[in-house]
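Observations on chain architecture
If you want the building blocks of each chain, they are given just below.
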Amino acid sequence: MTERVGIGLDIGGTKVLGAVVSAQGEVLTECRVPSPTSTWAHLLAAIEASVTELRGSHPGVESVGIGAAGMVDLDGSIHYSPNVPAFRSTRVRADVEAAVGLPTTVDNDANVAAYAEVRFGAAAGMTDAMVITLGTGIGGGIIVGGAVLRGANGFAAEVGHFQVDPNGPPCACGEIGHWEAMASGTALGVMARAAAERGELASALALAGGAVEAITGQHVSEAARGGAADALTVIDAYGGNVAVGLVGLANIFDPGVIAIAGGIVNDGDLYLEPIRRHFLGHIEGASYRPRPEIVPATLGERAGVIGAAILALDHQRSVSAGSQ
Ligand SMILES: [Zn+2]
């Protein structure tokens, strides 16, 4: 029996990353093209070209799975995407399926990445897990009973957007004190510049050439790796902000593993240790329960294509099983 293979596409604001992926989660072939995000016609043409190229090397592909940043409904239409203007009430699944002639599924990029980590990555073997990406914002996928939590409309797991501090900073979505505004990678830089403004972060300020506005999260990491106590203090406070959101989510969803993705995991335990310590200090019944592990995500930038391809293959399998 030949191995089942499918195409996964990860559509971002700057590029379309495509891959042929086996049912075992191996990436067999990759292709990468710039994503023309201004109109759907141009983006659809780029998607079609990617699929044609990938199919050339693996004619037996069964399906196309797409992961894209944005609000993806249960029918695979994308209602809105902050970085891709082509996605405005766009019938992505139906149009791609018609253009390429393969069964197609579409889900949010964070959901497909979470599915990949649960099937083949940091949370492999878990039926209940969360994958949280601390980047420009906070993205997340929640796996419940082995399936991606999608909600009534497909818009569930917008994990960055719940309030953790009514007096906190404004969020990109317009609300106040959302977790994303306090614990994203962007928020780390904001916290660092505020600390330097108060005269509390001389180490990172020196690395930034003495200009407060030039301080980034990377400067904090670099100073902390050198042992600077003032940088470790900022990281501890940031870890507390990350943990407060994780505690709320873990109390609600009871994950076996929480995998963290984003630049900070490149520093190993530098950030994860304070996050774990604050988390265990606040999760309900910490002494009387199995403690969810907090681990780095392992699939990196390929999580999106792997998860998208596998979701589509799994969907095809359940459709064909249902028709027998
Ligand atoms: Zn928000």
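Look a little higher up for the structure.
Now for a quick tour of the structure.

Each value, and the rule that gives it
- Residues numbered from 1 in each chain as written.
- Predicted model: local features only at pLDDT ≥ 70, side-chain atom pairs only at ≥ 80, totals over all residues.
- Heavy atoms only, no water.
- Donors = N, O, S within 2.8 Å, 3.2 Å for Na, K, Ca; no water.
- Tetrahedral: all angles 85-135°; square planar, octahedral: opposite > 155°, others 65-115°.
- Buried < 20%, exposed > 50% of the residue type's maximum accessible area, 1.4 Å probe, protein only.
- Helix = DSSP H or I, 4+ residues; strand = E, 2+ residues; numbered from the N terminus.
- Pairing = 2+ DSSP bridges.
- Axes fitted to C-alpha atoms, helices over the stretch in contact; angles between N-to-C directions.
- Contact = heavy atoms within 4.5 Å.
- Phe/Tyr/Trp six-rings, centres within 6.5 Å; stacked < 30°, edge-to-face > 60°.

Let us look at the coordination of the zinc ion. Bound to the zinc ion are the protein donor atoms H161 (ND1), C171 (SG), C173 (SG) and H178 (ND1), situated 2.1 to 2.3 Å from the metal. For the zinc ion, the 4 donor atoms are set out with angles of 100 to 122° between them, so the coordination reads as tetrahedral. One chain supplies every donor for the zinc ion, spaced along it as H-x9-C-x1-C-x4-H. Of the two residues examined, C171 and H178, each falls in the buried class.

Within strand 1 (residues 5–11), 7 of the 7 residues are buried, which leaves the element mostly enclosed by the surrounding structure. Side-chain alternation along strand 1 places V5, I7, L9 and I11 on one buried face and G6, G8 and D10 on a second face that is also buried. In this structure, strand 1 lies alongside strand 2 (residues 15–22), joined through 7 bridges in antiparallel fashion. Directly across from G8, in strand 2, lies its bridge partner A19. Two successive antiparallel strands, strand 1 and strand 2, enclose a turn made up of 3 residues. As paired elements, strand 1 and strand 4 (residues 64–68) share 5 bridges and run parallel to each other. In the sheet register, D10 faces strand 4, and the bridge partner there is G67.

Here we take up the sheet that holds strand 3 (residues 27–34). Ordered in space as 3-2-1-4-8, the 5 strands form an open sheet in which the pairing is mixed. Each having just a single partner strand, strand 3 and strand 8 (104–108) make up the two edges of the open sheet. Strand-to-strand twist across the sheet, computed as the mean angle between neighbouring axes with direction ignored, equals 20°. In this sheet, strand 3 lies alongside strand 2 in antiparallel orientation, the contact comprising 7 bridges. Looking at the pairing, K15 lines up with P34 of strand 3. In the packing of helix 3 (residues 109–120) onto the sheet, the strands contacted are strand 4 and strand 8, and the crossing angle to strand 8 comes to about 100°.

So, on to the packing of aromatic side chains. Within the structure shown, the criterion is met by 3 aromatic pairs. Relative to W179, the ring of F162 lies with its centre 5.9 Å away and its plane at 40°, an arrangement referred to as tilted. Of this pair, F162 sits in the loop between strand 11 (147–148) and helix 4 (179–183) while W179 sits in helix 4, and the two are 17 residues apart along the sequence. Overall, the relative accessible area of 27% leaves F162 in the partly exposed class. You can call W179 buried: its relative accessible area is 0%.

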